[in-house]
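What follows is each chain in one-letter form.
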Amino acid sequence: LVYALFGESRQLAVGPVAMVSLILRAGLSGKLSFEDCPQAYNGDEPKVGGVDQNVLCTDAYIGLACAVAFMIGIINLLACVFKLSFLVSFLGHPVISGFSTGSAI
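Counting starts from 1 at the beginning of each chain's written sequence and moves along it residue by residue. Where totals are concerned, whole chains, interfaces and linings use all residues; where local detail is concerned, this predicted model gives features only for residues with pLDDT of at least 70, and gives and counts side-chain atom pairs only at 80 or more. The basis for every side-chain value is the complete set of non-hydrogen atoms in the structure, without hydrogens or water.

Visitor: Can you explain the packing of aromatic side chains? Please cite residues and give values.
Guide: A pair of Phe, Tyr and Trp rings is counted when the ring centres sit within 6.5 Å of each other, with Trp represented by its six-membered ring. The angle between the planes then sorts it: under 30 degrees is stacked, over 60 is edge-to-face, the rest tilted. Counted under the stated rule, the structure contains one aromatic pair. On the numbers, 5.8 Å between centres and 80° between planes, the contact of F34 with Y41 is edge-to-face.

Put into structure tokens, the structure is as follows:
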């Protein structure tokens, strides 16, 4: 928000990557089990409200995010090996623009 109001940079552009980060955070929220993050649970039930797991169990949350990044890297590597670069032609400007607009909602 601060960058949107005050930031000026020709080298730095806010694009779909920032939205992917927000979607990753939303996707990982609440995914740690009792064994990984016992502070986020009351007995066997997850705590309702309060502090997020990423604040309570930072190391486990970072490990989960790194595991997702590793899996995405494997998928990219497999896409390279199987020469799936033709799929990028389907991701035109309207698709990226729609993704950015949709993630803002």
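Visitor: Let's hear about the confidence of the model for the protein: which residues, and what values?
Guide: Low-confidence regions, as indicated by low pLDDT, have predicted coordinates that should not be scrutinised in detail. Residue-level confidence of the predictor is summarised by pLDDT, bounded by 0 at the bottom and 100 at the top. Per-residue pLDDT for the protein averages 80, and the proportion of residues at 70 or more is 80%. Going along the chain from the N terminus, every DSSP run of H or I of four or more residues is numbered as a helix, and every run of E of two or more is numbered as a strand. Averaged over each element, pLDDT in the protein is lowest for helix α1 (residues 2–6) (62) and highest for helix α4 (residues 58–81) (92).

Visitor: Please give an account of α4 that cites residues and values.
Guide: In this analysis, the expected span of each helix is defined as 1.5 Å times one less than the number of residues it contains. Helix length check: α4, at 24 residues, gives a terminal C-alpha distance of 34 Å against a target of 34 Å (1.5 Å per residue), a fit within 8%. Of the residues one or two after α4, K83 is the one with positive phi, at around 50°.

Visitor: So what's going on with the state of the cysteines? Which residues, and what values?
Guide: In what follows, a disulfide is any cysteine sulfur pair within 2.5 Å. Using the criterion set out here, one finds one disulfide in the structure. Bridging C37 to C57, the disulfide has an S-S length of 2.0 Å. Here C37 and C57 share a disulfide; its torsion about the S-S bond, 80°, makes the bridge right-handed. Remark: C57 occurs in the loop between α3 (53–56) and α4 and C37 occurs in the loop between α2 (16–28) and β1 (41–42); sequence separation between them is 20 residues. With relative accessibility at 7%, the residue C57 sits in the buried group. A 1.4 Å probe rolled over the protein chains alone gives each residue an accessible area, and that area as a share of the maximum for its type sets the label: buried under 20%, exposed over 50%, partly exposed in between.

Visitor: An account of the nonpolar core is needed here, citing residue identities and associated values.
Guide: The set of buried Ala, Val, Leu, Ile, Met, Phe, Trp, Tyr and Cys residues whose side-chain atoms join them within 4.5 Å is what this entry labels a nonpolar core. One finds L28, L32, C37, A40, Y41, C57 and Y61 forming the largest nonpolar core, which totals seven residues. Any two residues whose heavy atoms approach within 4.5 Å at even a single point are treated as in contact. Residue contacts for C57: discarding those within four places in its chain leaves L32, D36, C37 and Q39.

Visitor: For unusual backbone geometry, give the residues involved together with the corresponding values.
Guide: Positive phi, close to 50°, is recorded for K83, a residue that is not glycine. By the element assignment, K83 lies in the loop between α4 and α5 (93–104).

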